Amino acid sequence: MSKSEKMVTLTLAVRAAFNRLKALGDSLHGDLEVTTAMRAVMETLSASGAMTVPQIAKLKGVTRQHIQLLTDALCEAGLAVVKENPRTGARP
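Report follows, based on the coordinates. (Residues numbered from 1 in each chain as written. Predicted model: local features only at pLDDT ≥ 70, side-chain atom pairs only at ≥ 80, totals over all residues. Heavy atoms only, no water.)

1. Quick word on the overall build of the protein
What counts, and what does not: Secondary structure is summarised from DSSP: a helix means a run of H or I of at least four residues, a strand means a run of E of at least two, and numbering begins at the N terminus for each. It is over C-alpha atoms that the radius of gyration is taken, and the globule rule equals 2.2 Å times the number of residues to the power 0.38. Burial status follows relative accessibility: with a 1.4 Å probe on protein chains alone, a residue under 20% of its type maximum counts as buried, one over 50% as exposed, and anything between as partly exposed. In this analysis, two residues are considered to be in contact whenever any of their non-hydrogen atoms come within 4.5 Å of each other. Here, Shrake-Rupley sampling with a 1.4 Å probe gives the accessible areas, and only protein chains in the shown set may cover a residue.
Helix and strand content of the protein: four helices and zero strands. Going from the N terminus to the C terminus, the protein shows its helices and strands as α-α-α-α. Taken over C-alpha atoms, the radius of gyration comes to 17 Å for the protein, far larger than the 12 Å a tight globule of 92 residues would show. Taken along its principal axes, the extent of the C-alpha atoms in the protein is 55 × 35 × 20 Å. Across the 92 residues that make up the protein, the buried fraction comes to 18%. Restricting the contact set of the protein to residue pairs at least 6 apart, pairs at least 24 apart contribute 30%. Counting only carbon and sulfur atoms, one obtains 60% of the accessible surface of the protein, whose full area is about 6,900 Å².

2. Brief notes about the nonpolar core
The following threshold applies: We define a nonpolar core as any set of buried Ala, Val, Leu, Ile, Met, Phe, Trp, Tyr and Cys residues linked to one another through side-chain atoms lying within 4.5 Å.
If you look at the biggest cluster of nonpolar residues, it comprises 10 residues: Val34, Met38, Val41, Val53, Ile56, Ala57, Ile67, Leu70, Leu74 and Ala80. Counting residues per element, the ones that place at least two in this core are α2 (36-48), α3 (53-60) and α4 (64-76). Dropping the residues within four chain positions of it, valine 41 is found in contact with Ile56, Ile67, Leu70 and Leu74.

3. A look at the packing of α2 against α4
Just so we agree on the cut-off: Lines fitted to C-alpha atoms define the axes here, with helix axes fitted over just the stretch in contact, and angles between the N-to-C directions of these axes take values from 0 to 180 degrees. What sets the label is the angle itself: under 35 degrees gives roughly parallel, over 145 gives roughly antiparallel, 65 to 115 gives roughly perpendicular, and the rest give oblique. When residue character is reported, Ala, Val, Leu, Ile, Met, Phe, Trp, Tyr, Cys and Pro are called nonpolar, Asp, Glu, Lys and Arg charged, and the others, Gly included, polar.
One can describe the packing of α2 onto α4 by two numbers: an axis separation of 10 Å at closest approach and a directional angle of 90 degrees. What the angle tells us is that α2 and α4 run roughly perpendicular. On α4, the residues that touch Ala37, Met38, Val41 and Met42 of α2 are His66, Ile67, Leu70, Ala73 and Leu74. For the contact of α2 with α4, the per-class residue count stands at eight nonpolar, one polar and no charged.

4. Some words on α3
Operational definition: For this quantity, the arc is that covered by the directions from the helix axis to the C-beta atoms.
Along α3, the positions that sit buried rather than exposed are Val53, Ile56 and Ala57. Relative to the axis of α3, the buried residues are bounded by an arc of 100 degrees and lie together on one face. Of the residues in α3, the exposed ones pointing more than 90 degrees away from the buried face are Lys58 and Leu59. Each element contacted by the buried residues of α3 is listed here: α2 and α4. Downstream of α3 by one or two residues, glycine 61 has phi in the positive range, about 75 degrees.

Laid out in structure tokens, this is it:
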């Protein structure tokens, strides 16, 4: 098996494991209406303290828009609150 083929095999295995873990996480928190992605944002805030949406997105390697949707859902569920950004005086 070539290096390229090994890389494809590994990538497919990692992707499959990620999808299984996501499905398990979603089912574990389904009664709370919290997705695995929402939980990841809460874990980040718990570990790092208050952060802006762009800071979370950069840390997670995803788009700001994706984190904004998750943050909006967390706020609607009463699981997060939006505070004024002390550096800009703006709210996200």
